[in-house]
Protein chains: 2
Amino acid sequence: MEVMNRYVTAKNYIEGSPKESDFEIKCSKIVLSAEPGSNDVVLKNLYVSIDPYQINRLKSYSSSQKTSSYVVVTIAPGEIISAYGVAKVVASENPLYKEDDLVVGTTRWADYSVLKASEYVLRKLNSFDMGFPLSHQIGVFGFSGLTAYAGLFEVGKPKKGERVFVSAASGSVGHLVGQYAKLSGCYVVGCAGSKEKVGLLKEKLGFDDAFNYKDEPNLESTLKKYFPDGIDIYFDNVGGKMLEAALANMNNFGRVVSCGTISEYTDPNNKVPPNINMHDMIYKRIMIQGFLATDFLTIFPDFLSATMNLIRLGRIKTLEDISTGLESIPQAFVGLFHGAKANAGKKIVTLVEN
Amino acid sequence: MEVMNRYVTAKNYIEGSPKESDFEIKCSKIVLSAEPGSNDVVLKNLYVSIDPYQINRLKSYSSSQKTSSYVVVTIAPGEIISAYGVAKVVASENPLYKEDDLVVGTTRWADYSVLKASEYVLRKLNSFDMGFPLSHQIGVFGFSGLTAYAGLFEVGKPKKGERVFVSAASGSVGHLVGQYAKLSGCYVVGCAGSKEKVGLLKEKLGFDDAFNYKDEPNLESTLKKYFPDGIDIYFDNVGGKMLEAALANMNNFGRVVSCGTISEYTDPNNKVPPNINMHDMIYKRIMIQGFLATDFLTIFPDFLSATMNLIRLGRIKTLEDISTGLESIPQAFVGLFHGAKANAGKKIVTLVEN
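Going along each chain's sequence as written, the residues are numbered from 1 onward. Chain letters start at A and ligand numbers start at 1, both assigned in the order the entries are written. Local features are withheld for residues below a pLDDT of 70 in this predicted model, meaning they are given only at 70 or higher, and side-chain atom pairs are given and counted only at 80 or more; totals for whole chains, interfaces and linings count all residues. Excluded from the side-chain calculation are hydrogens and water; included are all heavy atoms of the structure.

J.: Can you break down the sheet that holds strand β8 (residues 163–166) of chain B residue by residue, with the values?
T.: Read across the sheet, 12 strands follow the order β10(A)-β9(A)-β8(A)-β11(A)-β12(A)-β13(A)-β13(B)-β12(B)-β11(B)-β8(B)-β9(B)-β10(B) without closing on themselves; strand pairing throughout is mixed. The open sheet has two edge strands, β10 (209–212) of chain A together with β10 (209–212) of chain B, and neither has a second partner. Looking at each pair of strands side by side, their axes are set apart by 15° on average, direction ignored. Strand pairing requires that DSSP identify at least two bridges connecting the strands. Secondary structure elements are defined from DSSP: runs of H or I of at least 4 residues count as helices, runs of E of at least 2 residues count as strands, and each element is numbered from the N terminus. Across four bridges, the pairing between strand β12 (residues 250–258) of chain B and strand β13 (residues 287–290) of chain B is parallel. Bridge pairing in β13 of chain B places R255 of chain B opposite M287 of chain B. Against the sheet, helix α4 (residues 174–183) of chain A engages β8 (163–166), β9 (187–192) and β11 (231–236) of chain A, with an angle of about 170° to β8 of chain A. Angles shown run from 0 to 180 degrees and are taken between the N-to-C directions of axes, each axis being a line fitted to C-alpha atoms and, for helices, limited to the stretch in contact. Working rule for contacts: check all heavy atoms of both residues, and any pair within 4.5 Å makes them a contact.

J.: Give a description of the packing of aromatic side chains that names residues and reports values.
T.: All names here are of chain A. To pair, rings of Phe, Tyr and Trp, with the six-membered ring standing in for Trp, must have centres within 6.5 Å; the planes then decide the type, stacked if under 30 degrees apart, edge-to-face if over 60, and tilted in the middle. Following the criterion strictly, the structure yields 38 aromatic pairs over all chains and no others. Taking the centre distance of 5.3 Å and the plane angle of 75° together, the rings of F333 and F337 count as edge-to-face. In this structure F333 comes out as buried when scored by relative accessible area, which is 0%. A connected cluster of aromatic rings, assembled from ring pairs, spans F165, Y187, F211, Y226, F227 and Y234. Accessible area is worked out with a 1.4 Å probe on protein chains only. A residue is then buried under 20% of its type maximum, exposed over 50%, and partly exposed in between.

J.: Break down the environment of S184 of chain B for me, citing the residues and quoting the values.
T.: Tracing the chain through its elements places S184 of chain B in the loop between α3 (174–183) and β9 (187–192). Sequence separation between S184 of chain B and G240 of chain B is 56 residues, and the spatial gap between their C-alpha atoms is 28 Å.

J.: A description of the packing of helix α3 (residues 143–156) of chain A against α4 of chain A should follow, citing residues and the corresponding values.
T.: All names here are of chain A. At a minimum axis distance of 9 Å, the contact between α3 and α4 shows a crossing angle of 45°. Classified by the angle their axes make, α3 and α4 are oblique. Here the hand of the crossing between α3 and α4 comes out right-handed. Packed against α3, whose contacting residues are S144, G145, A148, Y149, L152 and F153, the element α4 presents L176, V177, Y180 and A181 at the interface. We call two directions roughly parallel when the angle between them is under 35 degrees, roughly antiparallel when it is over 145, roughly perpendicular when it lies between 65 and 115, and oblique otherwise. Note on convention: the crossing is left-handed when the near helix lies turned anticlockwise from the far helix by less than a right angle, right-handed when the turn is clockwise.

J.: Residues and numbers for the relation of the copies chain B and chain A, please.
T.: A residue counts toward the fit only if its pLDDT is at least 70 in both copies, and the copies are then superposed by least squares on the C-alpha atoms of those residues. Placing chain B over chain A gives an RMSD of 0.0 Å and needs a rotation angle of 180°, together with 0.0 Å of translation along the axis. What the rotation and shift describe, once combined, is the action of a two-fold rotation axis.

J.: Tell me about helix α2 (residues 143–156) of chain B, residues and numbers included.
T.: Residues and elements named next belong to chain B. Two axes are fitted around each residue, one to the seven residues ending there and one to the seven starting there, and the angle between them is reported as the bend at that residue. Of all the bends in α2, the greatest, near 25°, is centred on A150. Burial analysis of α2 places 11 of its 14 residues in the buried class, which makes it a mostly covered element. Contacts made by the buried residues of α2 are with α3, β11 (231–236), β12, β13, α9 (300–312) and β15 (346–350). Downstream of α2 by one or two residues, K157 has phi in the positive range, about 50°.

Now the structure itself:
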């Protein structure tokens, strides 16, 4: 069967804060069948993940960055944008997947994903998964969840009674970090960009305290107020000035789990990288560790079974902000970079027709 | 017996680069006996250690720094300055030490140390120690050695074939770090502040390469030249711009072992703390870890026996720069902060009369 496949693409490389006008929706004709003997699969996408890190793939990099020892695989203007998602198999030459199977993994910001054998990693959903909304697969059970779990437990290594600070705490990763830390017996404070989000952290998610960073002109003294005994773990989703303020309040042997730099992606007032006081780093024996969730795929099964249990028992609550329809993707993505306006939790777009 | 005890003291709190005129030599009358039943000891100091970190104890701290979670025990102007050293027991009420025992540990920049029971940590030298010059006890077998050993092995965790960069590489710690790293099968490049020191690193200490940072206007491209395949471990003794340049050249999973910030102590052009690119830190999964050797006292016996063996076998060479006489202490200390002029290796002052 031949269909018109709608997809989201960037009109240009993105500079600074992304705008809806940076994107457009295009169409191309595709055949809904996989090449015989090829291991290719064709998916009908049901839920797609909208993540801040995707902006790094939509930027143009200077040659000095390209020759660096890591390579961000960029997506050129006009190309189809890949994204984690949940999908239904419509055609498969891979014996592991058959028509109508539900899978989670490689999809596209598109109605359909036509995937070559080399292009995809997919997990077939099973009866355990079916006890939960499908959207959870790309949020709390997906890379957002793994990022929170691996970052906190494998990098931050919380001990009972320690004091944990989480920035962008109502975000897809932050809201889970805070709850995992609470379950570890830590004292947890989060910051977010609106009064409503602060309320959510304290009332729904069980954070010990929370504040709106936009109301705080002096972040260093704000953190001193919330952490009179200092910070042991800072789970950093934002970088910039918040990192400097957190470091000034760290305890001896404190750990900074560097997960994201969303304030540096887009905020023109926050373009200067943080100044790190190395004298403090040494005397307080502080560790700053950058990490990517993809380095922790070996713990994915443990993470998934633990987290499914906690969700089932109601001991972890997850926040999802789901928009409907392919055409809502640009707005959903752009909203990630506007802390105050965006909704809380994991941003997801569903392509399921009602 | 009553004697006049000469000691070095600071005339004022030190600001910026220390000067000889910041110090003076004073005298006070002391009795060379310990109070009966007190556990006190009295030592005749033989070798005293001259270390860059001592400057942090001679500065005046602002109230915000005092309320931080670590406390530098400052030494006020006029007070006797404590230092690691080798000494001979002249009087002891502690049954562990008797007259004429040689000990290493708490001493003073003074002819004699009169030590209350609560004030000292001392290790009695034994027949193993006697196979080496006494000065080694405060250099390669003392905190300089432990700092190099613990920092490299416990924090940096080198693997065979990795690429290691050491700053202040001819210094008391750096010259040992480079040799330990070579023994671990690493490729090692050091930087130092004079042509002579660079020669020493390459010819005497077996570094794979070395350069004079004063000849290099662009440290980032200099490091790219010396490390075309990137840096895996940066053992940082200097902080500042060198740290920024090293980070720009780090490989994925690189580790920065933060040991010292000597360039930031004194260099007025280097007062701004380093800007850390957190995006790189995350994508390259870099760790920066501050540490103090005193956190690794549990490995002291292992460190000591391994290092004594390596010295005995000639597989590690140690550099010492020994001045004679109490009155040379101020000059020796001030010289630590002038990379080009100072001699290489561990700075020691001997008080032994010839």
